Amino acid sequence: MTSASERSYTRRDTVMFLACLGLSLVALFSPDRLGQAVSRGLRGSVLAPLVWLQARAEEGRTGRARLRAITVQRDSAAYLAQGIPSLMAENERLRQLLSLSRRLSTPYVAAEVLHQAQATDGRTLLIDAGTRDGVAEFDAVVAPEGLIGVVLGAAERNSVVMTWAHPEFRVSAFTVTGNASGIVAPALLGAEGALEFRGVPYRDSVPPGTLVLSSGLGGVYPKGIPVGTVTGVIREQAGWERVYRLRPAANPGSAAHVLVLVAPPDADLARAFPSDSALEAMRLDSIARVRRSDSIAEAERLARAARAESLVVLRRDTATPRPAPRPAPAPRSAAPRPVPPATGDSIR
Amino acid sequence: MSVSRANRIQLALVLGFLVLLHFWVRPRLWDARVSPDFLLMALVFFSMRAGPGAGAVAGFLVGLVTDALTPARFGAGALAHTVVGYLVAWARAVFFADNLAVYAGFVAVGLWLRDLVLLVASGTYRSPLLAEVTLYSPLQALVTALFALLILAAFREWFSIRLDL
């Protein structure tokens, strides 16, 4: 390249510099409107490609930021979407609890289960209701599906619940058919997560699928709370007793909300936990009631229509001139005179 | 093709490359206040090669471009770049020889001087002027000088300059 050092510093350079300097000063002290017009013209003509280039570059830079923001939003949405099934399940459980609370005719306290990150979480639960809410020791704790356990200790704001999975859990129970009774306890050996229905007399056979309810004996659990369903025989002592395996009605590990029954234990809660057949009967009964009400409404509609029709006939009859009254017939041949329709408040 | 014509083409290519960097790469870099000013770098390179008069004209044109693209007062950029283009070429012709550090130094000083004249001419208040002149402008001058070193090292054959500092 030709180096500037090889060139001489001429007077022309000074003139050019002064000319540019003068033009710059003119531009500097020119009216703003003129400067804006020149800027606008330059941006719209010779600088347009450069402006376009810079705009694309800015888009590229902000595009990365937008992509990051969109990625964050997408991740958040995906995270929230992952919780939707659990929210739906919780919603369903809350609806069931609401339904149960309507059926319960005895006092209760609703509580939320504070699950802990412990392996023994299913045996004892911490709930957020305590003595301040009316919870006391030995209150029964139920879920919409059935029995959860009993309050082991109550503090002011929270309580500890011993669930049916606890080794010391016992509840007196009987079958829904009423032909067998015994004691329900957790199955400790080989069948974790199941219950045992012990002490059933040998002569009383309980078929699989039979619902087992709390009997109310013992003064702790009210009568009629579902405990589990018979799934089979675990063992038997010939001539003495059978021990049945129960599938628990409620799962403490998945319970998020429970009801603490603060009612006296002699209450009968069987109607609050209807069996499937009872629910079906209730549903049919409600359908029948709806049909009955529909038939009553239909009858009322027909009656209104008939009444309106008779009114039309009546108005037509009163609008036409009546013939002169006939002479009164002889009493012997008197026929029953037509009774004029009522013209009271019912005619509008 | 004569040597002079080849040199002019090479210089034009380098300047075009710097303009591309200024409008395509610079917006993608970090904060604009301390990002390298490739346009001023091109002005300095051109002025040091073309002489004070051409440097002043080039500075005026570059200033018009910056005035059209920035919301500062119209004419302030033209004035600042004219002064820088002229002084850089004049100083190189009078005092300095070809050297990497000299080129980078010219870029840094030129940028700081450009900012000073620009801020004064556009009527910037004292406090922001001091902050710009003492903080942001030196930072940007340093960054621009570093990038100038990279550019010069990449095109050292075309610029025929020594690599020693």
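Residues numbered from 1 in each chain as written. Chains lettered and ligands numbered in written order. Predicted model: local features only at pLDDT ≥ 70, side-chain atom pairs only at ≥ 80, totals over all residues.

### Re the sheet that holds strand β3 (residues 140-143) of chain A
Residue and element names in this part refer to chain A.
Point 1. Taken in spatial order, the 6 strands make up an open sheet running β1-β12-β3-β4-β5-β2, and their pairing is antiparallel. One side of each edge strand has no neighbouring strand; the edge strands of this open sheet are β1 (108-112) and β2 (124-127). The mean angle between the axes of side-by-side strands here comes to 35 degrees, regardless of whether they run parallel or antiparallel.
Point 2. Sheet topology places β2 next to strand β5 (residues 159-163); 4 bridges connect them, and they run antiparallel. Bridge pairing in β5 places I127 opposite S159. (Pairing = 2+ DSSP bridges. Helix = DSSP H or I, 4+ residues; strand = E, 2+ residues; numbered from the N terminus. Axes fitted to C-alpha atoms, helices over the stretch in contact; angles between N-to-C directions.)

### Side note on the confidence of the model for chain A
Point 1. Summarising the model, chain A shows a mean pLDDT of 76, and 74% of its residues fall at 70 or more.
Point 2. Low pLDDT, under 50, characterises residues 328-348 of chain A; the predicted model gives this stretch 3 contacts beyond four residues in sequence or across chains. (pLDDT = per-residue confidence, 0-100. Contact = placed C-beta atoms within 7 Å.)

### Thoughts on the pairing of strand β7 (residues 181-186) of chain A
All names here are of chain A.
Point 1. Strand direction decides the pairing type here: strand β6 (residues 171-175) and β7, joined by 4 bridges, are antiparallel. For F174, the partnering residue across the bridge sits in β7 and is S181.
Point 2. As defined by bridge partners, β7 adjoins strand β8 (residues 195-201) across 4 bridges and the pair is classed as antiparallel. Paired with I183 across the bridge in β8 is R198.

### Points about the packing of helix α1 (residues 11-29) of chain A against helix α3 (residues 52-69) of chain B
Point 1. The geometry of α1(A) relative to α3(B) is characterised by a closest axis approach of 7 Å and an angle of 20 degrees between their N-to-C directions. What the angle tells us is that α1(A) and α3(B) run roughly parallel. Crossing of α1(A) over α3(B) shows left-handed handedness. On the side of α1(A), the interface is formed by A:R12, A:D13, A:M16, A:F17, A:C20, A:L23 and A:S24, while α3(B) contributes B:P52, B:G53, B:A56, B:V57, B:G59, B:F60 and B:G63.
Point 2. Per-class residue counts for the contact of α1(A) with α3(B) are 8 nonpolar, 4 polar and 2 charged. (Parallel < 35°, antiparallel > 145°, perpendicular 65-115°, else oblique. Left-handed = near helix turned anticlockwise from the far one by under 90°. Nonpolar A, V, L, I, M, F, W, Y, C, P; charged D, E, K, R; others polar.)

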